[in-house]
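# Descriptive analysis of the structure
Now for the letters of each chain:
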Amino acid sequence: MKREEYISDEAVVKRANEAVRIELEKKRAMDIPIIVYDSKTQIIYKEYSDGSRIEVGKRMRKERYSERVREKT
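Summary of the structure given here. (Residues numbered from 1 in each chain as written. Predicted model: local features only at pLDDT ≥ 70, side-chain atom pairs only at ≥ 80, totals over all residues. Heavy atoms only, no water.)

## Points about the pairing of strand S3 (residues 53-58)
Here is the rule: In this analysis, strands are considered paired if DSSP registers two or more bridges between them. By the criteria applied, helices consist of DSSP H or I runs no shorter than four residues and strands consist of E runs no shorter than two, each listed in order from the N terminus.
Direction of pairing for strand S2 (residues 43-47) relative to S3: antiparallel, over a ladder of five bridges. In the strand pairing of S3, Ile44 is matched with Gly57. Here S2 folds back onto S3, and the loop between the two strands holds five residues, one of which, Gly51, carries a positive phi near 100°.

So this is what it looks like as structure tokens:
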């Protein structure tokens with residue numbers, strides 16, 4: 001594949017975001033709950049199509065993976 005035939009990073013991000021949006025719409029239409037992470041409260045919820053939320057769990061670790069790996073070395 002030639003370099004000119006590659007798609008840009010912006011196009012990849014746009015396609016990925018669109019794929020996630022479509023999948024979420026599909027799950028809502030089929031009345032299947034989705035898993036949502038609230039970054040402010042750091043709680044994981046199961047969200048139903050009617051808008052109700054049930055807490056599933058909390059974040060286990062506070063730091064990023066790269067920070068944990070750096071501490072070990």
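## Section: the pattern of salt bridges
Test applied: Here a salt bridge means any side-chain nitrogen of Lys or Arg lying within 4 Å of a carboxyl oxygen belonging to Asp or Glu. Per-residue accessibility, obtained with a 1.4 Å probe over protein chains only, is compared with the maximum for each type, and a residue is labelled buried under 20%, exposed over 50%, and partly exposed between these values.
Under the defined criterion, the tally for this structure stands at five salt bridges. A salt bridge links Glu25 to Arg21; the shortest N-O distance between them is 2.3 Å. Of this pair, Glu25 and Arg21 both sit in helix H1 (residues 9-29), separated by four residues, roughly a single helical turn. Classification of Arg21 as partly exposed rests on a relative accessible area of 37%. With a shortest N-O distance of 3.9 Å, Glu47 and Arg28 are connected by a salt bridge. Here the residue Glu47 occupies a position in strand S2, and Arg28 occupies one in helix H1, the gap between them amounting to 19 residues. With a relative accessible area of 16%, Glu47 lands in the buried category.

## A closer look at H1
As a reminder of what qualifies: Expected helix span is given by 1.5 Å per residue-to-residue step, counting one fewer step than there are residues.
Compared with the 30 Å implied by 1.5 Å per residue over 21 residues, the 30 Å span of H1 between its first and last C-alpha is a close match. Positive backbone phi, at 60°, marks Asp31, one or two positions downstream of H1.

## Notes on the environment of Met30
Position of Met30 among the secondary structure elements: in the loop between H1 and strand S1 (34-38). Residues Met30 and Ser49, spaced 19 residues apart in sequence, show a C-alpha to C-alpha distance of 8.6 Å.

## What to know about the sheet that holds S1
Here is the rule we go by: For every element, the axis is a line fit to its C-alpha atoms; helices are fit only across the contacting stretch, and the angle between N-to-C directions ranges from 0 to 180 degrees.
With antiparallel pairing, the three strands of this open sheet are ordered in space as S1-S2-S3. The open sheet is flanked by S1 and S3, the only strands paired with a single partner. Averaged over all pairs of adjacent strands, the angle between strand axes in this sheet comes to 30°, irrespective of strand direction.

## Regarding the pairing of S2
Only one face of S2 is covered, namely the face carrying Ile43, Tyr45 and Glu47; the face carrying Ile44 and Lys46 is uncovered. Here S1 pairs with S2 via five bridges, running antiparallel. Across the sheet, the residue bridging to Asp38 is Ile43, located in S2. Once S1 ends, the chain turns through four residues before running back antiparallel as S2, passing Gln42 with a positive phi of about 60°.

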